[in-house]
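Chain residues, written in single-letter form:
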Amino acid sequence: MKTFDSDRRDLLRLSSMGLAASAFTALPALAAKKPAAPTLTPMLFDVRTFGATGDGKTVDTPAINKAIEAAAAAGGGTVVFPAGNYISFSIRLKSKVGLYLAQGSAIIAADSPKPGEAAQIIADP
C-alpha cells in the first residue's frame with residue numbers, strides 16, 4: 001500500500017514540476033508577443049487645403065466634398081473648417097468622417113441655381 005501512495009506522490013510531484021517548467025519557458029515567448037499600441041494620431045483634412053475660401057461669397061461645395069473624399073479614402077478622419085463662412089450646396093458625407101467647425105466658422109446653405117442664374121444664399125452670413 002505504501003508503494004502505491006509513494007508512486008502516486010512521485011507522479012504528482014513530477015507532473016507539477018513539468019507544468020511549472022513549461023510555464024516558465026513559455027513566459028518569454030508570451031512577453032515578446034505584446035500587441036502594438038494603436039496610433040491615436042487623428043487625420044485632419046483642412047477644407048482650405050482643398051480650395052475652399054470661406055469668404056461668404058464663393059461656393060465651396062467642390063472643395064468640401066474633395067476634403068470629405070480624401071478623409072474617407074484615408075480610412076477616416078476629420079474635415080476641419082477654419083473660421084469663415086462656407087457657402088455650399090449638398091455635402092456628401094461618408095462613413096468614418098467627422099466635421100469640425102472651428103469657432104467663427106459656418107456652413108451656409110445655398111439655393112440650387114436655376115439654369116442661367118447665379119447661386120443665392122439662404123441665410124445671412
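Below is a short write-up of the structure. These figures come from a predicted structure and were not determined experimentally.

A word on the overall build of the protein chain
Move 1: Of the regular secondary structure elements, the protein chain holds 2 helices and 7 strands.
Move 2: When its helices and strands are written in sequence order, the protein chain yields α-β-β-α-β-β-β-β-β.
Move 3: Of all 125 residues assigned to the protein chain, the portion counted as buried reaches 22%.
Move 4: Sequence separation of at least 24 residues holds for 45% of the intrachain contacts in the protein chain that already meet a minimum separation of 6.
Move 5: Split by element, the accessible area of the protein chain, about 9,100 Å² in all, is 61% carbon and sulfur.

Details of the pattern of salt bridges
Move 1: Going through the model one piece at a time under the given rule, you end up with 1 salt bridge.
Move 2: The residue glutamate 69 makes a salt bridge to lysine 94 at a minimum N-O spacing of 3.1 Å. Placement of the pair is glutamate 69 in helix H2 (residues 61-73) and lysine 94 in the loop between strand E4 (84-88) and strand E5 (97-101), with a sequence separation of 25 residues.

Focus on the packing of aromatic side chains
Move 1: Counted under the stated rule, the structure contains 1 aromatic pair.
Move 2: Note on phenylalanine 81 and tyrosine 86: the rings are 5.3 Å apart at their centroids and 75 degrees apart in plane angle, and the pair reads as edge-to-face. Tyrosine 86 matches phenylalanine 81 in its accessibility class, with the two residues each being buried.

Conventions and cut-offs
- Residues numbered from 1 in each chain as written.
- Predicted model: local features only at pLDDT ≥ 70, side-chain atom pairs only at ≥ 80, totals over all residues.
- Heavy atoms only, no water.
- Helix = DSSP H or I, 4+ residues; strand = E, 2+ residues; numbered from the N terminus.
- Buried < 20%, exposed > 50% of the residue type's maximum accessible area, 1.4 Å probe, protein only.
- Contact = heavy atoms within 4.5 Å.
- Areas by Shrake-Rupley, 256 points an atom, 1.4 Å probe, with all protein chains shown as cover.
- Salt bridge = Lys/Arg side-chain N within 4 Å of Asp/Glu carboxyl O.
- Phe/Tyr/Trp six-rings, centres within 6.5 Å; stacked < 30°, edge-to-face > 60°.

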